[in-house]
Amino acid sequence: MSTTAPVDLGVEITETNCFINGKWVPAASGKTFATVNPATEEEIIQVAEGDAADVDAAAKAAREAFDNGPWRTMDARDRGRLMYLLADRMEQEIDSLARLETLDNGKPFNDSRNVDLPLAIDCLRYYAGYADKIHGNTIPIRGNHLCYTRREPIGVAGQIIPWNFPILMVAWKWGPALAAGCTIVMKPAEQTPLTCLRMAQLAKEVGIPDGVINVVPGFGPTAGAAVVKHPLIDKIAFTGEHRTAQVITRDSADTLKRLTFELGGKSPNVIFADADLDAAAMGAYVGLFLNQGQCCCAGSRVFVEKSQHDAFLEKLQKLTESRKVGDPFAADTEQGPQVDKAQFDKIMSYIEKGKSEGAACVTGGERVGDKGYFVAPTIFDDVRDDMSIATDEIFGPVLSVLTFEDKEDMIRRANDTFYGLAAAVWTRDVSIAHDFAARVRAGTVWVNCYDVFDAAAPFGGFKMSGYGRELGEEGLKAYTESKTVTLAL
Ligand code: ADP
């Protein structure tokens, strides 16, 4: 099967098969599955449904490319050059990649085009520059020896990504892996396989050797689990839910794979009374509603100091009620649909729980329209710490407002979650800002800002929000092994 489907809005999808060893091949089973436009609930196209047989072929190709191909051993600067070329190709295709992303995921075209794509391109360039700067140390050990370390690629990386930032997750995963000299078996999310497949086409076009990047679309328990269990794969990099990470941990035990996980969150966003309230309201609004609330670092617990509660809520409510929800391709749309029916239903059930548990729904709280998975931007006030909307990751446009009076008690409450991905604090007092930043148990802390991402800044979670870090030098090291060499002089 090699389908050419002219879809609406000028998006042409030319490849929907598995990409294995530089070739486009149907799933061995012959099966396909539908990827759906969440704005219309209509099928976009059928995509190959890979499973264990296809993962096996991909793992063998990636292993061969790692062990015997040119990728690991070529001059590191040339590896970097191919990565720069890939980033350049993305830039040339930025509009069509952004359209494809919006079609498959539902996020506003403005966001795909002006946020996700630029960040993805930047990430690939950041790591392209690292390819020839990966080196070990010389170490002065006892005796007459030369001792040094080498940083070597970890091998074949199995990469399993979610649907909330499909192309950005491709860049976060491919960037450090390629720079380090690893080869890749990627399984995109079943909801959003299209930009990942297009990226594989671009990688082939720019000359990344066959077998270095392999893509197997399919479902988690079949294709995903096969990647996790495959003996020829050395490492799993996974972004998704903590419950899936628990399954992956168990499934990878027999082969003792290296694991990096970037998981969920219930991030506290804390507004002190002395904060710039306009900026804080905007930060709370963006920090939760960005990407339809489908961000692992969403600031879903907004703690506001009691004396400023009413003034803050008025500003936040005004912003929220002005949010334009609708056709993700419309120029003025700020919020598109949720990614699929399962997410939509989950969010609506949490909205019902919030209401029945006694929180005050000050705006939103309902579906928008009757076609597509649109949810009105929703704020709950008077939220208590033990309500399910304050404890569970909703992954939708539902913001909970909680109040505090005592700083110590607020820090305890902010930390009273098994998650620890991100946190933010809004204050003009530097002592309070640094004290909070030091004591909150989270991998990223934003002060007087939210969702500031950069390829150079490590990102990842404390506690059950993950293992290891992505981005920055730490993200690169997660794709390397350290080898110690000692030589008698
Ligand atoms: P979400 O609820 O956001 O879809 P998941 O953790 O279920 O989060 O999915 C993230 C990615 O993990 C997807 O690509 C999905 O197919 C994959 N996945 C789901 N279950 C498994 C599994 N048992 N083993 C490996 N990958 C899985």
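A.B. asks: Looking at this model, I keep getting lost on the environment of A488. Mind explaining?
C.D. replies: Of note, A488 is situated in strand β22 (residues 480-488). For the pair A488 and P209, spaced 279 residues apart in the sequence, the C-alpha separation amounts to 39 Å. Those residues in contact with A488 that sit more than four places away from it in its chain are N144 and H145.

A.B. asks: Can you help me understand the sheet that holds strand β17 (residues 378-381) in this one?
C.D. replies: With respect to topology, 7 strands assemble into an open sheet ordered β16-β17-β18-β15-β14-β19-β20, the strand pairing being mixed. Each end of this open sheet is capped by a strand with a single partner; those strands are β16 (360-363) and β20 (444-447). Strand-to-strand, the axes of this sheet are offset by a mean angle of 25°, without reference to chain direction. In terms of strand pairing, strand β19 (residues 422-426) meets β20 through 4 bridges, oriented parallel. Bridging from a neighbouring strand, A422 pairs with T444 of β20. Strands in contact with helix α10 (residues 309-321) are β14 (268-271), β15 (301-305), β16, β17 and β18 (398-404); relative to β17, the strand with the most contacts, it is inclined by about 165°. Sheet contacts for helix α14 (residues 430-439): β14, β19 and β20; angle to β19, the most-contacted strand, approximately 165°.

A.B. asks: Just checking my understanding: could you explain the side chain of S388 for this structure?
C.D. replies: Summarising the element assignment, S388 is placed in helix α12 (residues 388-391). Since its relative accessible area comes to 10%, S388 is described here as buried. Filtering out sequence-adjacent residues up to four positions away, S388 remains in contact with Y350, K353 and E357.

A.B. asks: What should I look at first to understand the packing of helix α9 (residues 277-289) against α10 in this one?
C.D. replies: When two helices pack together, their arrangement is given by the angle between their axes and by how far apart the axes lie. At a minimum axis distance of 9 Å, the contact between α9 and α10 shows a crossing angle of 50°. The angle between the axes of α9 and α10 places the two elements in the oblique class. Crossing hand, α9 versus α10: right-handed. Residues L277, D278, A280, A281, M282, A284, Y285 and F289 of α9 touch α10, and the partners they reach there are A311, F312, K315, L316, L319 and T320. The residue makeup of the contact of α9 with α10, split by class, is 11 nonpolar, 1 polar and 2 charged.

So, how was this worked out
- Residues numbered from 1 in each chain as written.
- Predicted model: local features only at pLDDT ≥ 70, side-chain atom pairs only at ≥ 80, totals over all residues.
- Heavy atoms only, no water.
- Helix = DSSP H or I, 4+ residues; strand = E, 2+ residues; numbered from the N terminus.
- Contact = heavy atoms within 4.5 Å.
- Pairing = 2+ DSSP bridges.
- Axes fitted to C-alpha atoms, helices over the stretch in contact; angles between N-to-C directions.
- Buried < 20%, exposed > 50% of the residue type's maximum accessible area, 1.4 Å probe, protein only.
- Parallel < 35°, antiparallel > 145°, perpendicular 65-115°, else oblique.
- Left-handed = near helix turned anticlockwise from the far one by under 90°.
- Nonpolar A, V, L, I, M, F, W, Y, C, P; charged D, E, K, R; others polar.

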